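Below, each chain spelled out in residue letters.
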Amino acid sequence: MKIEFLSKSQNESFARVVVASFVSQLDPTIEELADIKTAVSEAVTNAIIHGYDNSNEKIVIECKINGNNIEIIIEDFGNGIEDIELARQPLYTSKPELERSGMGFTVMETFMDEVFIKSEKNKGTKIEMRKRIRIRAKENEE
């Protein structure tokens, strides 16, 4: 699945719902679904605020299912991240004047099994997140 949308703040909830709908075919638990929605929300919000400085540009989300694993890629083509390791530090924010908590990457890493960040200054950022969805036993199976 692949979608593109403008980096408007109201599209953050759209992204959450679309990804959750796609993931629902794996029959995730409510907790797994909430984890994924939260991680997507953080990645999209980072793209809007940090990648594009709240201007209306393109964000792309791709989702892939492989067995019971979901891979979510969220990409912007904006400012990029100068120092990825610094950006991953809890409480770090490049926009302290906006009273940002600096917990975006920490939240993504907490709720997903794997998070990879690729970024190039003035070319954008790509966040790849993966999560294994537990297979639940069917009621009628012995």
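Look a little higher up for the structure.
This is a predicted model, so every value here is computed, not measured.

Student: It is not clear to me how the nonpolar core should be interpreted in this structure. Could you clarify?
Tutor: Nonpolar side chains tend to gather and get buried jointly when the protein is soluble and globular. By size, the foremost hydrophobic cluster in this structure holds 34 residues, and its most contacted members are V40, I61, I72 and M129. Broken down by element, the residue count for this core peaks at 8 residues, all from helix α2 (residues 30-51). In contact with I61, not counting residues within four places along its chain, are M1, K2, I3, F5, A15, V19, V40, V44, I72, I73 and I74.

Student: When you look at the packing of aromatic side chains in this model, what are you seeing that I'm missing?
Tutor: To describe a pair of aromatic rings, one takes the distance between the centres and the angle between the planes. By the definition in use, this model includes 1 aromatic pair. An angle of 80° between the planes, with centres 5.9 Å apart, marks the rings of F5 and F14 as edge-to-face. A residue is classified by how much of its surface remains accessible, and F5, at 7% relative accessible area, is buried.

Student: Please explain the sheet that holds strand β3 (residues 69-76) as it appears in this structure.
Tutor: The 5 strands are arranged β1-β2-β3-β5-β4 in an open sheet whose pairing can be described as antiparallel. Each having just a single partner strand, β1 (2-6) and β4 (114-120) make up the two edges of the open sheet. Across this sheet, the average inter-strand angle for adjacent strands is 15°, counted without regard to direction. Sheet topology note: the β1/strand β2 (residues 58-66) ladder contains 5 bridges and is antiparallel.

Student: In this structure, what is going on with the pattern of salt bridges? I would like to understand it.
Tutor: Charged atoms that come close allow side chains of opposite charge to pair. Within the structure shown, the criterion is met by 11 salt bridges. Ionic pairing is found between E4 and K58, a salt bridge with its closest N-O pair at 3.9 Å. One end of the pair, E4, is in strand β1; the other, K58, is in strand β2, and 54 residues separate them in sequence. By relative accessible area, K58 is classed as partly exposed at 37%. Note that E114 is salt-bridged to R130, the shortest N-O span being 3.7 Å. Placement of E114 in strand β4 and of R130 in strand β5 (residues 124-132) is noted, with a sequence separation of 16 residues between them. Judged by relative accessible area, E114 falls into the partly exposed class, the value being 38%. Overall, R130 belongs to the partly exposed group, its relative accessible area being 26%. Three or more residues are tied together by salt bridges with common partners; here these are E71, E114, K118, E128 and R130.

Rules and cut-offs
Starting from 1, residues in each chain are numbered consecutively following that chain's sequence as written. Totals for whole chains, interfaces and linings use every residue, but because this is a predicted model, local features are given only for residues with pLDDT of at least 70 and side-chain atom pairs only at 80 or more, for both listing and counting. Only hydrogens and water are set aside; all other atoms, that is, all heavy atoms of the structure, feed into the side-chain values. Take the buried Ala, Val, Leu, Ile, Met, Phe, Trp, Tyr and Cys residues and link them wherever side-chain atoms come within 4.5 Å; each set so joined is a nonpolar core. Each residue's exposure class comes from its accessible area (1.4 Å probe, protein chains only) as a fraction of the maximum for that residue type: buried when under 20%, exposed when over 50%, partly exposed otherwise. Helix and strand definitions follow DSSP, with helices as H or I runs of at least four residues and strands as E runs of at least two, each counted in order from the N terminus. For this analysis, residues touch if any pair of their heavy atoms sits within 4.5 Å. Only Phe, Tyr and Trp rings take part, Trp by its six-membered ring, and two of them pair if their centres are within 6.5 Å. Stacked means planes under 30 degrees apart, edge-to-face means over 60, and tilted covers everything else. Being paired, for any two strands, means DSSP has found at least two bridges between them. Axis definition: a line fitted to C-alpha atoms, over the contacting stretch in the case of helices. Angles run 0 to 180 degrees between N-to-C directions. By salt bridge we mean one thing: a side-chain nitrogen of Lys or Arg within 4 Å of a carboxyl oxygen of Asp or Glu.

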